[in-house]
Amino acid sequence: MRLKNFLLSFKGKLTLLIMAAILLPLLAAALIARQVLQERIHRAFTAELEAGLGTITLFLRWMEQDVVTEIARIASNDAVEEQLALGTVPELKKMLTTQRKVVDLALLAVFDRNHERIASSKFKSKNLAIDFSRLEQLQVATSGEDYYLVYVLPITKSQKTLGYAAGGILLNDNNLLNYLHTAQVSNTAFWFGDKLLLTD
């Protein structure tokens, strides 16, 4: 009853008015500050995401170009052509091992005209799913749980196809994540369709 009487009195109304005059601007300032802070966080996150995506895009383009260049060089290598024509698999495998180490590819293989793998370096699986109808195009090939960015070129001599050179990089490789972290890219995830290949 006393509170009701106080609120109905002039002094009570004046007190409520003063409290409203103080609290309403503070509340408005808090709401405005919250909105400004959210916008700044959003802009900072967007800028970081765009920078990270730009770095990853440049890195992937560099990797793609590296794979294409190296496979083109190997497919046009006279020694590879000669060993393939002669069918000397041990020598061809030794050459591929040396070349793979030089060019830093995850896999390097030579296939015959029937798409059978005849020599390879650091690639044991016989289940590499390469689409030979997509020559001279980058493709993602799978082998079990591994995903490779692969490039395939025909090996020709005197306009006759002797076989195919294929090479690629492992997409779900933790070394790739380590490199991206040194390039200041955080929270990386690579997806292929609905399959998560690599994440930190």
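What counts, and where the lines are drawn
- Residues numbered from 1 in each chain as written.
- Predicted model: local features only at pLDDT ≥ 70, side-chain atom pairs only at ≥ 80, totals over all residues.
- Heavy atoms only, no water.
- Helix = DSSP H or I, 4+ residues; strand = E, 2+ residues; numbered from the N terminus.
- Buried < 20%, exposed > 50% of the residue type's maximum accessible area, 1.4 Å probe, protein only.
- Contact = heavy atoms within 4.5 Å.
- Areas by Shrake-Rupley, 256 points an atom, 1.4 Å probe, with all protein chains shown as cover.
- Pairing = 2+ DSSP bridges.
- Axes fitted to C-alpha atoms, helices over the stretch in contact; angles between N-to-C directions.
- Phe/Tyr/Trp six-rings, centres within 6.5 Å; stacked < 30°, edge-to-face > 60°.
- Salt bridge = Lys/Arg side-chain N within 4 Å of Asp/Glu carboxyl O.
- Core = buried A, V, L, I, M, F, W, Y, C linked by side-chain atoms within 4.5 Å.

In this section: the overall build of the protein chain. Scanning the protein chain for helices and strands turns up five helices and seven strands. Seen in sequence order, the protein chain has helices and strands lined up from the N terminus as α-α-α-α-β-β-β-β-β-α-β-β. Among the 200 residues that make up the protein chain, the fraction classed as buried is 32%. A sequence separation of at least 24 residues applies to 46% of the contacts in the protein chain between residues at least 6 apart. Counting every atom, the protein chain has about 13200 Å² of accessible surface; 58% of that belongs to carbon and sulfur.

This part is about the sheet that holds strand S2 (residues 117-121). Spatially, five strands are ordered S2-S1-S5-S4-S3 in an open sheet, and the strand pairing comes out antiparallel. Of all the strands in the sheet, the pair left with one neighbour each is S2 and strand S3 (139-143). Strand-to-strand twist in this sheet, taken as the mean axis angle between neighbours without regard to direction, amounts to 30 degrees. In the packing of helix H3 (residues 78-86) onto the sheet, the strands contacted are strand S1 (107-112), S2, strand S4 (146-157) and strand S5 (160-170), and the crossing angle to S4 comes to about 80 degrees. Packed on one face of the sheet, helix H4 (residues 89-103) meets S1 and S2 and runs near 35 degrees to S2.

What follows is about the packing of aromatic side chains. This model, assessed by the stated rule, comprises two aromatic pairs. When the centroid spacing of 5.1 Å and the interplanar angle of 75 degrees are considered together, the rings of Phe111 and Phe132 count as edge-to-face. On the criterion of sequence distance, the pair formed by Phe111 in strand S1 and Phe132 in the loop between S2 and S3 is long-range, its members being 21 residues apart. By the burial criterion, Phe111 is buried, and Phe132 matches it. Through a chain of ring-to-ring contacts, three or more aromatic side chains come together here, namely Phe111, Phe132 and Tyr164.

Glancing now at the pattern of salt bridges. When their charged atoms lie close together, side chains carrying opposite charge are able to pair. A full pass over the atoms with the stated rule returns two salt bridges. Here Glu91 and Lys94 are joined by a salt bridge, their closest N and O atoms 3.7 Å apart. One end of the pair is Glu91 and the other is Lys94, both in helix H4 and three residues apart, which spans about a single turn. On the basis of relative accessible area, Lys94 is assigned to the exposed category, the value being 53%.

A general trend in soluble globular proteins is that nonpolar side chains are found buried together. Membership of the largest hydrophobic core comes to 25 residues, with the highest contact counts inside it found for Ile71, Val80, Leu105, Val110 and Ile155. Elements with a minimum of two residues in this core: helix H2 (10-75), H3, H4, S1, S4 and S5. It is H2 that contributes the most residues to this core, six residues altogether. Sequence-distant contacts of Ile155, defined by excluding residues within four places in its chain, comprise Ala75, Val80, Glu81, Leu84, Val110, Lys160, Thr161, Leu162, Gly163, Tyr164 and Ala165. Grouped together as the second largest cluster of nonpolar side chains are twelve residues, Tyr148, Val150, Val152 and Tyr164 included.

This part is about unusual backbone geometry. You will see that His115, though not glycine, has its phi angle at about 70 degrees, which is positive. Owing to a relative accessible area of 36%, His115 belongs among the partly exposed residues under this scheme. Backbone geometry places Ser158, a non-glycine residue, at a positive phi of 55 degrees. Relative to the helices and strands, Ser158 resides in the loop between S4 and S5. Ser158 gets classed as exposed once you look at its relative accessible area, which sits at 72%.

From the geometry alone we can't say anything about function, so treat these as descriptive.
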